[in-house]
Every structure is written in structure tokens, then in C-alpha cells.
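Here is what each chain is made of, one letter per residue.
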Amino acid sequence: MSALSLTSFLTDFAVLPDPRIARRRQYPLLEILFLCVSASLSGYEEWDEIVDFGVAKLAWLRRYLPFAAGIPAHDTLNRVMSRLEPRGFEKCLVTWVQRCVKLPEGAHICLDGKRLRRSATARQQQTPHAQGGTSAVHLLHAWCDEAGLCLGQYQTPDKANEITALPDLLALLDVQGCLLTMDAIGCQKSVTQVVATAGAEYLLALKGNQPTLHTAVEAAFATTADAEAATTTGEKPAHGRVETRTCRVLPADRLPAALRGPEWVGLQTLIEVVATRTVSATGVTTTETRHYLSSRQASAADFQGYVRRHWGIENRLHWVLDVVFGEDHRRKRAGHVAANCAIIRKFVLNLLRAQPESKSLNRKRNLCALSDEYRQKCLGF
């Protein structure tokens, strides 16, 4: 990942429309965004903390932007970030990542949604929308496990709307030649069409939401003995268990023609993964079988890796956002503030992951808080 220069920061963020009336813009939008990114990089997430950081580091901030009016109050930060249109901010994230990162050819991109659980109160979430209820903010993420970076974010009304939001997210990204993986909610004929239009390939989990097709795929593997197979066994217990995974692949033409019709655009391969887990403490063994559809032709060993790496979006993005950044505990709810602060966290996470030191993300944030030089290094200025 190349360095983020001050020029590229100003260029990428300058396109954001300022939601405030021109005559009342005492604090420029770029200064507010730069303050929020720098504070979050240093581990400060709440508005009061960001103001305190700004006051303490005002001389450092003025190395890069004027801050002629000083540091805005916490109410000003909340008001501006709640009114800032998140669609434009999402485009800034994508533009910045594409400027700084060159993905490897045929990169594996994982797509999955995440809910910001406290972006609406429990009462609001339990009340029907017709009676004034509100859903928590739901975000669709694009994650590249090879690069260790979040490539983009797109806010959706709810989890069920991930399918309708997918074309909009892919329109922002350059996914030509990439492999896109999604869980079972993405196993839809419309998704295969969208992926093919974007010039990419897909690997989709197949479950009960496609019952007829799922049954046919199960039968194809049950009646076939010549499927190519690859087996991976953990050499030592991990998380208190030993797991063995066997992956088998079949060509899609083993399905009845009516089930692999043109609606499943580009369908080439059927995949089966059988995972056997033995709990070290009890010796209890369980077996789980999962099935997938793909437009890519590859070996069983390759698909074994794709399936395994898809969980990187949960382990290296969603888990980190919740545990390191405390995202699920944030109660910012006014306007668009929850979605916009989530975008800032993606900027910060990408900046921290770009640092090669063998340090935890928490240590890197602590160093940013303690050292102006390290913070400057992370920003790439």
C-alpha cells in the first residue's frame, strides 16, 4: 500500500459536498475530517475525546491544514458528521483505496454485511417501521484478504437489501477478473448476472434458500465417486479442537439441465466441503457438510483455500471493528453519523494495517496517540 500524501487526502476528500450553509461554515469540512481521522487513528472515538485530542495536538494539526478557527466543539462535530451524505463519503473510501492499492490479478474479494447494533435503540428496532420504528444501520463490506484491506462500504436499509445493494457497490469497485465470495444470502440468479456484468467470477454458499438446487447438488455428490478431492488436516489443536476438511469438486453439467439453465450465469463448478471437528477436551466429533456454486474452474485445493479465506472478512474485519474499535458499542445515532463514523474506521484500519511492524492494532493506535512522528508515518504525510 503506497503512502497517503497530503495532496491525495485533499483531492479525494475535496469532492465531498458540505451539507452546511456557506455563510455558517466556520470550520472547513476538510479540517473536521482530518481531525476525526487523526483522532480515531490515535484511539479516540467519542466527540469529547476528539475535541480534547484536537486541542492537545493543535500545533501538529496546523502543520497540514490552517485550523484558523481552532478546534470545533463536540456538538459541531456531531452535527456536521450527522448531516454529511454517506454515499459521497463511501465513494471517497473506494477512490482512496484504489489510488493507494493495486490488487493482485484475480484477487479474492469477500462480500458480507454487518449491523451496527447500537446505532438505534432496542425500542426503535423492536417497533414496526409503520409505527415509527427504526432499524440499526446495516453495511455491506468488500474485503480483500490477500491485501488485508477493506475495499469499500455501502449502507443498505437491512440485511435483506444486500442483494439490491450489490450492483451499486460493485459499480464503485474495479473487480475485473476477481473472484467474489458471498454467504448463502447471495446465492441468487440475479447476483450471478451482476457479477458477470462486472467482469468477475463468483463463489456462492448454497443452502436452504435454494432448496431444489441444494437437493440436486447433494445428490450429485452422493452418487459420484470420481470427484476431484483435496483434504486438509490441522497439525495441532486450534481453539481447542482438531479439524479435518475435505473438499470435492464436480463440473456443473452433472446437474439436470433445467437447474443449471442460463439464469445461473456462468455456472461452471459444484463444490462440497466436509468439515470434521474433534474437541480435544471431550473427544466429541461433529461433521458439517457445506455446498457452493462457482463460475470459476479450479482445483479442489484452490476451492479449499477460497472457502477458508472467505472467513477473513469476519475474523480480520468485523471482529476487529467490534473488539479493537468497539463498533457495536458506539451509540452515535443522529442522522448519518453512524455510517460516516464507520467509514472513518475503515480508513483508520487500512492505514494501520499498512504498517509493516509486528505490533497489534491496539499498540499501533497507542503509538499514534503518544508519538506525532508515528501518527505522521501512519498517515503517510
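Note that the structure is predicted; figures quoted are calculated from it, not measured. (Residues numbered from 1 in each chain as written. Predicted model: local features only at pLDDT ≥ 70, side-chain atom pairs only at ≥ 80, totals over all residues. Heavy atoms only, no water.)

Chemist: Looking at this structure, I do not really get the overall build of the protein chain. What am I missing?
Modeler: Of the regular secondary structure elements, the protein chain holds 15 helices and nine strands. The globule rule puts the C-alpha radius of gyration for 381 residues at 21 Å, and the 23 Å found for the protein chain is close to it. When its C-alpha atoms are laid out on the principal axes, the protein chain stretches across 75 × 50 × 40 Å. Here the protein chain, with 381 residues, has 50% of them falling under the buried criterion. For the protein chain, the accessible surface area stands at approximately 17,300 Å², while carbon and sulfur atoms represent 50% of it. (Helix = DSSP H or I, 4+ residues; strand = E, 2+ residues; numbered from the N terminus. Rg over C-alpha atoms; globule rule 2.2 N^0.38 Å. Buried < 20%, exposed > 50% of the residue type's maximum accessible area, 1.4 Å probe, protein only. Areas by Shrake-Rupley, 256 points an atom, 1.4 Å probe, with all protein chains shown as cover.)

Chemist: So what exactly am I meant to see when it comes to helix H12 (residues 312-323) here?
Modeler: Residues spaced three or four apart along an α-helix face the same direction, because each turn holds 3.6 residues. Among all positions of H12, only Gly312, Ile313, Leu317, His318, Val320 and Leu321 are buried. Projected onto a plane normal to the axis of H12, the buried residues spread over an arc of 155° and lie on a single side. Exposed side of H12, more than 90 degrees from the buried face: Asn315 and Trp319 are the residues found there. Along its buried surface, H12 packs onto strand S1 (108-116), strand S2 (137-144), strand S3 (149-156), helix H11 (300-310), helix H13 (337-353) and helix H14 (361-370). (Arc of directions from axis to C-beta. Contact = heavy atoms within 4.5 Å.)

Chemist: What should I look at first to understand the pattern of salt bridges in this one?
Modeler: Side chains carrying opposite charge are able to pair once their charged atoms draw close together. Under the definition given, this model contains 23 salt bridges. We note a salt bridge from lysine 114 to aspartate 322, for which the minimum N-O separation is 2.9 Å. Of this pair, lysine 114 sits in strand S1 while aspartate 322 sits in helix H12, and the two are 208 residues apart along the sequence. Looking at lysine 114, the relative accessible area reads 6%, which means it is buried. We classify aspartate 322 as partly exposed; its relative accessible area is 24%. Measuring nitrogen to oxygen at the nearest pair gives 3.3 Å for the salt bridge that ties glutamate 288 to arginine 290. With relative accessibility at 35%, the residue glutamate 288 sits in the partly exposed group. Because the salt bridges share partners, they merge into one network encompassing Glu45, Lys114, Arg117, Asp322, Glu327, Asp328, Arg345 and Arg365. (Salt bridge = Lys/Arg side-chain N within 4 Å of Asp/Glu carboxyl O.)

Chemist: Please explain the packing of aromatic side chains as it appears in this structure.
Modeler: Each pair of aromatic rings is reported with the distance of its centres and the angle of its planes. Per the counting criterion, the structure on display carries nine aromatic pairs. Among the aromatic residues, ring-to-ring pairing joins Phe13, Phe89, Trp96 and Phe347 into one connected group. Above the ring of tyrosine 154, the side-chain terminus of arginine 87 is found at 3.7 Å from the ring centroid. The cationic tip of lysine 332 hangs over the ring face of tryptophan 47; the distance from NZ or CZ to the ring centre is 5.1 Å. (Phe/Tyr/Trp six-rings, centres within 6.5 Å; stacked < 30°, edge-to-face > 60°. Lys NZ or Arg CZ within 6 Å of the ring centre and 35° of its normal.)

Chemist: Explain the nonpolar core to me, please; I cannot follow it from the model alone.
Modeler: In globular proteins that are soluble, nonpolar side chains generally tend to be buried together. Counting residues in hydrophobic clusters, the biggest one holds 99 residues, and the most contacted among them are Phe34, Phe89, Leu180 and Leu293. Leave out the neighbours within four places in its chain, and leucine 180 touches Ile109, Leu111, Leu170, Val175, Val195, Ala200, Glu201, Tyr202 and Leu203. Counting residues in each nonpolar core, the second largest holds 14 residues, with Leu179, Cys247, Ile271 and Phe303 among its members. (Core = buried A, V, L, I, M, F, W, Y, C linked by side-chain atoms within 4.5 Å.)

Chemist: Got a minute to help me understand the environment of threonine 231 in this structure?
Modeler: With respect to the helices, strands and loops of the structure, threonine 231 is situated in strand S6 (residues 228-233). The spatial distance from the C-alpha of threonine 231 to the C-alpha of alanine 300 is 8.7 Å, given a sequence separation of 69 residues.

Chemist: Just checking my understanding: could you explain the state of the cysteines for this structure?
Modeler: When the sulfur atoms of two cysteines share a covalent bond, that bond is a disulfide. Scanning the entire structure with this criterion turns up zero disulfides. Between cysteine 178, a cysteine without a disulfide, and cysteine 144, which holds the nearest cysteine sulfur, the sulfur-to-sulfur distance is 7.5 Å. Residue classification places cysteine 178 among the buried positions, given a relative accessible area of 4%. Cysteine cysteine 341 shares no disulfide, and the gap to the nearest cysteine sulfur, in cysteine 36, comes to 6.8 Å. (Disulfide = S-S within 2.5 Å.)

Chemist: What is the right way to read the side chain of glutamine 153 from this model?
Modeler: Checked against the element boundaries, glutamine 153 lands in strand S3. At 3.3 Å, the side chain of glutamine 153 forms a polar contact with the backbone oxygen of alanine 339. (Polar contact = N/O pair within 3.5 Å; in protein donor to acceptor, adjacent residues only side chain to side chain.)

Chemist: Can you walk me through the side chain of glutamate 90 in this structure?
Modeler: Its location among the elements puts glutamate 90 in helix H6 (residues 86-100). Glutamate 90 sits in the buried class, given a relative accessible area of 0%. Apart from the residues within four sequence positions on either side, glutamate 90 is in contact with Gln153, Tyr154, Gln155 and Ile343.

Chemist: Would you explain the pairing of S2 in this entry?
Modeler: Consecutive residues of a regular strand have side chains that alternate between opposite faces of the sheet. Judged by how many residues are buried, S2 sits mostly within the fold: eight of eight residues are covered. A two-sided burial pattern is seen for S2, the buried positions comprising Val137, Leu139, His141 and Trp143 on one face and His138, Leu140, Ala142 and Cys144 on the other. The pairing of S1 with S2 spans eight bridges and is antiparallel. In the strand pairing of S2, arginine 115 is matched with histidine 138. For S2 and S3, the ladder comprises seven bridges, and the chain directions are antiparallel. (Pairing = 2+ DSSP bridges.)

Chemist: Looking at this structure, I do not really get a negative patch on the surface. What am I missing?
Modeler: Where like charges cluster on the molecular surface, the negative patch consists of Asp48, Glu49, Asp52 and Asp75. Within the element layout of this structure, aspartate 75 appears in helix H5 (residues 74-83). (Patch = residues over 30% accessible without salt bridge, like charges linked within 9 Å, V, L, I, M, F, W, Y side chains within 5 Å. Lys, Arg positive; Asp, Glu negative; His and termini not counted. Charge placed at Lys NZ, Arg CZ, Asp CG, Glu CD.)

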